[in-house]
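What follows is each chain in one-letter form.
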Amino acid sequence: MTKSSEESPSRRTFMMVVIGLISVAIGVALAIPIMGEVLNPLFKRRDIVWSELGKVSDLENIEPLVPKFVPVYFRVKEGWTVNTLPRQVIVVKDIAGKLYFFSNQCTHLGCPLHWIPERQKFMCPCHGGMFNVLGEVVGGPPPRPLFAWVYKIENGAVLIQNKFLDNPKERGV
Amino acid sequence: MFQKIQNWFDERIELTELIKEFNGERIPRRGGWVYTFGSLLAFLFTVQVATGIFLLFYYVPYFPMARNATYYLKHHVLFGNILLGIHLWGAFAMIFFLLVHMSRVYFSGAYKKPRELQWVAGMVLFSVVVVLGLTGYMLIGNENSWWTINVLTNVASHTPVVGGFLRIIVRGGTETSVLTMQHIFAVHVWLLPIIVIMFIPMHLLFIRKTGHQGMALEYKNSKLSDDDINKWKHPDATVPFFPDQFYKDIIIALAVFGVVYILAVVYGAAIGPMYRPLALNFAPEADWYFLANEELLKYFPGHGLIVFSTFLIPTIGFVILFALPFIDRGHERSPFKRPAATVLGILFLLLLVYLTLIGGEPKAPATV
Ligand code: HEM
Ligand code: FES
């Protein structure tokens, strides 16, 4: 008969070590798949698609320095589903005729911007961020100018990608 | 007959002894009504679990459907509006009475040695319940849910070093998507409630081990010095938990439950319109208990400073609260004998109320 822990201190130590090791082994074995599941999004490639915004000829006809909100629809895979992400593109033409395609997400924490014509500004309804028509910050907490969409012009149409230029932390669109 | 049943159980598991042991807990005698808030929180949490489980008979955690499933539950299910209303107002009541309970414990110095662990376990409960509130707000799938998810995950992205990854993990990808909703659902319905269910008994076990402290006025007749830890274990007079304290607890529980019920029936839970990422003039709003934090976000502009409002100030505040028993190590319990702590506490509460009130005002006019 083996000795009980009360009879032999070394036996006690041995059993405690075994109990500890088994607990750690089970814990680690469980933690690996759980962490894998939780961290999985970090290892997934984002589904990047092009989506048509409109004809260049139409967009070039907008008034200079008057933003136009144009919806764009991205059909993308998200997890096990395919979804349509509706997003606003703010199209702005400057005086030289150059077109800009901004996101309507405030660069502070992402609230939807309102264009206030009387003040010639985009105002954020959340914490009072303000941008001018060319997307520069003119007030409030936003840390950077508006995000610009990745775009290209093909066969007279403007195509937008579900991706921002200059977006180091990969903020979602 | 009853005697026989009782005997049957007693012979096997000494049930009567067990119940006596549980009910006989000694509670300080003088401040009974002030000590009801803890039990009230346990009661409110039970109500949340009961209503929450049955909300799941209809709820669907899928972004394009969640709001309509909730709408159906509210408008087309018999008394669904009451069930949903109790869950909402019950949640508000919990957050409100958490602050009341914490304030009472704070001002009576009940977190001091030997009761530090009660406070720490309590802080875990506080953090988890607030996150339960926020995730619940997100699960409705209406416009505020959508923007709250976006804004709060963006807040998380300002955490130093890991922020960007954190946002992707929480959202289940770069975008707020169906996976985001699924994660929030699992967290709101499984993970956090289980943590609460584990920590309430722990909280209570610690309290039974040290005995209730109650307020300083329970120790008026004590001859021991304030620095003597034994003084704070022996109140002048006590009563048993059952029925003396329980009687008060249940009266308060009924009063609060009554108010929650009336609010549920009269005001119910607002569901609001379906989320519309294309909305041009929507002004997102946070729930009332988050407005103070929301207000903070306005004061730190620009690249370098955002981290103050999104990470540093809240984190430092939390760490200080968590570690309070280890920071404030004086032995005085009466709020009058520790004026600094008392004044700081009052100022903090006033600041909270002030930030909440101005945080609730519209920040930028939606039109004009
Ligand atoms: C769901 C949340 C909570 C529940 C169900 C709960 C429950 C209770 C109960 C039943 C008591 C004893 C009676 C009383 O004094 O009210 C108590 C006491 C206490 N609670 Fe909580 N509590 C919760 C949250 C908190 C929080 C957030 C804190 C502080 C951060 C806290 C700190 C304490 C302390 C220090 C005591 C001991 C008071 C004394 O000995 O006089 N509790 N709690
Ligand atoms: S989200 Fe626009 S100012 Fe904060």
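Procedures and definitions
Residues numbered from 1 in each chain as written. Chains lettered and ligands numbered in written order. Predicted model: local features only at pLDDT ≥ 70, side-chain atom pairs only at ≥ 80, totals over all residues. Heavy atoms only, no water. Helix = DSSP H or I, 4+ residues; strand = E, 2+ residues; numbered from the N terminus. Rg over C-alpha atoms; globule rule 2.2 N^0.38 Å. Contact = heavy atoms within 4.5 Å. Salt bridge = Lys/Arg side-chain N within 4 Å of Asp/Glu carboxyl O. Buried < 20%, exposed > 50% of the residue type's maximum accessible area, 1.4 Å probe, protein only. Donors = N, O, S within 2.8 Å, 3.2 Å for Na, K, Ca; no water. Tetrahedral: all angles 85-135°; square planar, octahedral: opposite > 155°, others 65-115°. Pairing = 2+ DSSP bridges. Axes fitted to C-alpha atoms, helices over the stretch in contact; angles between N-to-C directions. Near = heavy atom within 4 Å. Polar contact = N/O pair within 3.5 Å; in protein donor to acceptor, adjacent residues only side chain to side chain. Parallel < 35°, antiparallel > 145°, perpendicular 65-115°, else oblique. Nonpolar A, V, L, I, M, F, W, Y, C, P; charged D, E, K, R; others polar. Domains from an automatic or database assignment. Disulfide = S-S within 2.5 Å. Buried area = accessible area lost by both parts, 1.4 Å probe. Phe/Tyr/Trp six-rings, centres within 6.5 Å; stacked < 30°, edge-to-face > 60°. Lys NZ or Arg CZ within 6 Å of the ring centre and 35° of its normal.

Trainee: What exactly am I supposed to notice about the overall build of chain B here?
Mentor: Of regular secondary structure, chain B possesses 14 helices and 2 strands. In terms of overall size, chain B behaves like a compact globule, its C-alpha atoms giving a radius of gyration of 23 Å where 368 residues would be expected to give roughly 21 Å. Within chain B, contacts between residues at least 6 apart in sequence are counted, and of these 77% link residues at least 24 apart.

Trainee: Would you mind going over the pattern of salt bridges with me for this structure?
Mentor: Side-chain pairs of opposite charge can arise whenever the charged atoms involved come near each other. Throughout the structure, instances matching the rule amount to 13 salt bridges over all chains. A salt bridge links Glu52 of chain A to Lys55 of chain A; its shortest N-O distance comes to 3.4 Å. Relative accessible area serves as the criterion here: at 39%, Lys55 of chain A is assigned to the partly exposed category. We note a salt bridge from Lys298 of chain B to Glu295 of chain B, for which the minimum N-O separation is 2.7 Å.

Trainee: Just to check I follow, could you spell out the coordination of the iron atom of ligand 1 for this structure?
Mentor: Six octahedral donors around a metal ideally subtend angles of 90 or 180 degrees, whereas four tetrahedral donors ideally subtend 109.5 degrees. Residues and elements named next belong to chain B. Protein ligation of the iron atom of ligand 1 involves His101 (NE2) and His203 (NE2), the donor distances falling in the range 2.0 to 2.1 Å. Considering all 6 donor atoms around the iron atom of ligand 1, angles at the metal cover 85 to 179° and the coordination shape is octahedral. Residue His101 is found in helix α5 (residues 80–107), and its partner His203 is found in helix α9 (residues 178–210); the two are separated by 102 residues along the sequence. Take His203: its relative accessible area is 14%, and that puts it in the buried class.

Trainee: Got a minute to help me understand the sheet that holds strand β2 (residues 68–78) of chain A in this structure?
Mentor: Pairing between sheet strands relies on hydrogen bonds along the backbone, with the strands arranged either parallel or antiparallel. Residue and element names in this part refer to chain A. Reading across the sheet, the 3 strands line up as β2-β3-β4 and stay open at both edges, with antiparallel pairing between neighbours. A single partner strand is all that each edge strand has here, and the edge strands are β2 and β4 (99–103). For this sheet, the mean angle separating the axes of adjacent strands, direction not counted, is 35°. Bridge analysis of β2 against strand β3 (residues 81–93) gives 11 bridges, and the strand direction is antiparallel. Opposite Val70, over in β3, you have Val89 as the bridge partner.

Trainee: Would you explain the site of ligand 1 in this entry?
Mentor: Residue and element names in this part refer to chain B. Not every one of the 25 residues close to ligand 1 is listed here, only the nearest: His101, Arg104, His203, Gln213 and Gly214. One nitrogen or oxygen atom from the main chain of Tyr35 is found 3.1 Å from an oxygen atom belonging to ligand 1. The separation between a nitrogen atom of ligand 1 and a polar side-chain atom of His101 is 2.8 Å. Those elements that provide at least two residues to the shell around ligand 1 are α3 (37–55), α5, α6 (116–139) and α9. Considering every element that reaches the shell around ligand 1, the biggest residue donor is α6, with 6 residues.

Trainee: So what exactly am I meant to see when it comes to the sheet that holds strand β1 (residues 50–55) of chain A here?
Mentor: Residues and elements named next belong to chain A. One open sheet accounts for 3 strands, arranged β1-β10-β9; its pairing is antiparallel. Two strands lie at the open edges of the sheet, namely β1 and β9 (149–154), each paired on one side alone. Neighbour to neighbour, the strand axes of the sheet diverge by 30° on average, direction disregarded. Inspection of the sheet shows β9 paired to strand β10 (residues 157–164) by 5 bridges, in the antiparallel sense. Across the sheet, residue Lys152 finds its bridge partner in β10, namely Leu159.

Trainee: Whenever I open this one, the packing of helix α4 (residues 63–76) of chain B against α5 of chain B confuses me. Can you help?
Mentor: A pair of packed helices is characterised by two quantities: the angle between their axes and the separation of those axes. Residue and element names in this part refer to chain B. Relative orientation of the contacting elements α4 and α5 amounts to 120°, with a least axis distance of 5 Å. Compared by their axis directions, α4 and α5 come out oblique. Facing α4, whose interface residues are Thr70, Leu73 and Lys74, α5 presents Gly80, Asn81 and Leu84. A class-by-class count of the residues in the contact of α4 with α5 yields 2 nonpolar, 3 polar and 1 charged.

Trainee: How should the domain arrangement of chain A be read in this particular structure?
Mentor: Interfaces are often described in size by the accessible area the parts lose on coming together. Partitioning chain A into domains gives domain 1 (1–44) and domain 2 (50–164). Its C-alpha centre places domain 1 of chain A at a distance of 53 Å from the equivalent point of domain 2 of chain A.

Trainee: How do you make sense of the state of the cysteines when you look at a structure like this?
Mentor: By definition, a disulfide links two cysteine residues through a covalent bond between their sulfur atoms. All names here are of chain A. A full pass over the atoms with the stated rule returns 1 disulfide over all chains. With its sulfur 1.9 Å from that of its partner, Cys111 forms a disulfide with Cys126. Judged by the torsion about the S-S bond (-80°), the Cys111/Cys126 disulfide is left-handed. Placement of Cys111 in the loop between β4 and β5 (114–116) and of Cys126 in the loop between β6 (121–123) and β7 (130–131) is noted, with a sequence separation of 15 residues between them. Each of the two residues, Cys111 as well as Cys126, counts as buried.

Trainee: What am I meant to see in the interface of chain A and chain B here?
Mentor: Contacts between the two partners involve 43 residues from chain A and, on the opposite side, 45 residues from chain B. Where chain A abuts chain B, roughly 3,700 Å² becomes buried across the two surfaces, and 64% of that area is made up of carbon and sulfur atoms. With a closest N to O distance of 3.2 Å, Glu175 of chain B and Arg46 of chain A form a salt bridge. Here chain A is connected to chain B by 9 residue pairs in polar contact (both at pLDDT 80 or more). Elements supplying a minimum of two residues to the side of chain A that touches chain B: α1 (9–39), β2, β3 and β5 of chain A. Of the residues forming the side of chain A that touches chain B, the biggest block, 6 residues, is contributed by β3 of chain A.

Trainee: Would you take a moment to explain the packing of aromatic side chains for this structure?
Mentor: Working definition: an aromatic ring pair is given by the centre-to-centre distance plus the angle between the planes. Here the structure, examined in full by the defined rule, presents 35 aromatic pairs over all chains. Centroid distance Phe92 of chain B to Tyr289 of chain B: 6.5 Å. Interplanar angle 65°. Geometry classified as edge-to-face. Separated by 197 residues along the polypeptide, Phe92 of chain B in helix α5 and Tyr289 of chain B in the loop between α10 (241–266) and α11 (291–296) bring together distant segments of the chain. For the pair Phe92 of chain B and Tyr289 of chain B, a shared accessibility class is recorded, and that class is buried. Arranged with centres 5.5 Å apart and planes meeting at 85°, the rings of Trp288 of chain B and Tyr289 of chain B form a pair that is edge-to-face. Cluster of aromatic residues (ring-pair linked, three or more members): Trp89, Phe92, Tyr267, Trp288 and Tyr289 of chain B. One Lys or Arg, Lys152 of chain A, reaches over the ring of Trp50 of chain A and ends 4.2 Å from the middle of that ring.

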